[in-house]
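Residue-level structure breakdown
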Amino acid sequence: GTVPQQLCSATAECDLESNLGLACPDSDCQQHCQLNSTCATANSTASSTPPVDLEETALMELFNATNGPGWTNTAGWGDSDVPVCTWFGVECFGGTINAINLQANNLEGTIPVELAYLTRMQKLFMGQNPLSGTVPADLSSLTQLESLDLSQNSLSGTVPAQLASLTTLVQLVTDQNFLSGTAPSELSSLAQLRHLTMGQNSLSGTVPAQLSRLAQLAMLILDQNFLSGTAPSELSSLAQLRHLTMGQNSLSGTVPAQLSRLAQLKSLSVSQNSLSGTVPAQLSSLAQLKSLSVSQNLLSGTVPACLLYTSPSPRDS
């Protein structure tokens, strides 16, 4: 691995790079490392467990970058007499930080790249805060991460394609922000992913057909964006899919009859698009379907009788 690029500056502390046991990524950073004899091991093999003081450094960077004194709950944070594993929202396993849960705690500011130091972290929950700025691509260094929730903030910029390197990720939740650009097709490499939620943003482009490779996916939420093109019929290969929401976009074409292959599907919403044609009668075979919303499109014909008893999607009610 490498030290996050933003940390390799004239003001970077070389001893932190040495503690990480990571190689410097470019000549400028390499020269900086050589200025201090403590960096003699900067090119050694990375340690599997980051030092406790480095973890504390990362936490304090988070505290300072997000107006820590203004948090709703600051218990333990910054107190040198209190072990970091007992700080509010911090969980440890084996003496190493493996989870941060600061949901709805009034974090205001940006997400610091120093979180990349927490290499053993499995869960990062920072939703329902007034966070701004971008989603750092450096989070891709958290290779043991299973859950990432950054929903209901004011984040902008794109969804970093680098997150595709988080091969253990099960849950990626970025809905209700101001994210733009495309839904990265690279995320299709996340073989363990079950929940992908990117609704209520400003995403554009098409719905990537490559997402059909996510064999474990149970929830795909892409509503209230600016997505265009067709609803990919390839999504019909998602055998575990239970919830598919693509309403309030600019999708065109027809409702794919192939979606009838989604035997586990419980809710389907494609409302408020520009879909045409008929509602496929084949959808009647979806025995688990409880919620169907196809309103406010350019559809014609009649809705199959057995589909009339489904309820609208909660976001469409």
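From a predicted model like this one, the values you see are computed outputs, not experimental measurements.

How each quantity is defined
- Residues numbered from 1 in each chain as written.
- Predicted model: local features only at pLDDT ≥ 70, side-chain atom pairs only at ≥ 80, totals over all residues.
- Heavy atoms only, no water.
- Pairing = 2+ DSSP bridges.
- Helix = DSSP H or I, 4+ residues; strand = E, 2+ residues; numbered from the N terminus.
- Axes fitted to C-alpha atoms, helices over the stretch in contact; angles between N-to-C directions.
- Buried < 20%, exposed > 50% of the residue type's maximum accessible area, 1.4 Å probe, protein only.
- Polar contact = N/O pair within 3.5 Å; in protein donor to acceptor, adjacent residues only side chain to side chain.
- Contact = heavy atoms within 4.5 Å.
- Disulfide = S-S within 2.5 Å.
- Phe/Tyr/Trp six-rings, centres within 6.5 Å; stacked < 30°, edge-to-face > 60°.

Focus on the sheet that holds strand 5 (residues 171-173)
Here we have ten strands laid out as an open sheet, ordered 1-2-3-4-5-6-7-9-11-13, and mixed in their pairing. One side of each edge strand has no neighbouring strand; the edge strands of this open sheet are strand 1 (90-93) and strand 13 (291-293). Across the sheet, the mean angle separating the axes of adjacent strands is 15 degrees when strand polarity is ignored.

Concerning the side chain of Asn-153
Here Asn-153 lies in the loop between strand 4 (147-149) and strand 5. The exposure class of Asn-153 is buried, given its relative accessible area of 6%. For Asn-153, the side chain forms a polar contact with the main-chain nitrogen of Leu-131, separated by 3.0 Å. With residues up to four places along the chain from it excluded, the contact list for Asn-153 reads Met-126, Gly-127, Gln-128, Asn-129, Pro-130, Leu-131, Gln-176 and Asn-177.

Topic: the state of the cysteines
Summed over all chains, the structure comprises one disulfide. Two residues, Cys-85 and Cys-92, share a disulfide whose sulfurs are 2.0 Å apart. The disulfide joining Cys-85 to Cys-92 has a torsion of about -90 degrees about its S-S bond and is therefore left-handed. Here Cys-92 falls in the partly exposed class, since its relative accessible area comes to 27%.

Concerning the pairing of strand 2 (residues 96-101)
Across a regular strand the side chains alternate sides, sitting on one face of the sheet and then on the other. The buried fraction of strand 2 amounts to five of the six residues, a majority that puts the element mostly inside the structure. The sheet contact formed by strand 1 and strand 2 spans four bridges and is antiparallel. Paired with Cys-92 across the two strands is Ile-97, which belongs to strand 2. Counting the residues that bridge the hairpin from strand 1 to strand 2 gives two residues, and of these Gly-94 lies at a positive phi of roughly 65 degrees.

Topic: the packing of aromatic side chains
The tally for this structure, following the rule as stated, stands at four aromatic pairs. Between Phe-63 and Trp-77 the ring centres are 5.9 Å apart and the planes differ by 15 degrees, which places this aromatic pair in the stacked class. Of the two residues, Phe-63 is situated in helix 3 (residues 52-65) and Trp-77 in the loop between helix 3 and strand 1; the sequence distance between them amounts to 14 residues. When its relative accessible area of 7% is taken as the criterion, Trp-77 is described as buried. An angle of 45 degrees between the planes, with centres 5.1 Å apart, marks the rings of Trp-77 and Trp-87 as tilted. Taken together, the positions of Trp-77 in the loop between helix 3 and strand 1 and Trp-87 in the loop between helix 3 and strand 1 put the pair ten residues apart, joining distant regions of the chain. A network of ring pairs unites the aromatic residues Phe-63, Trp-71, Trp-77 and Trp-87 as a single cluster.

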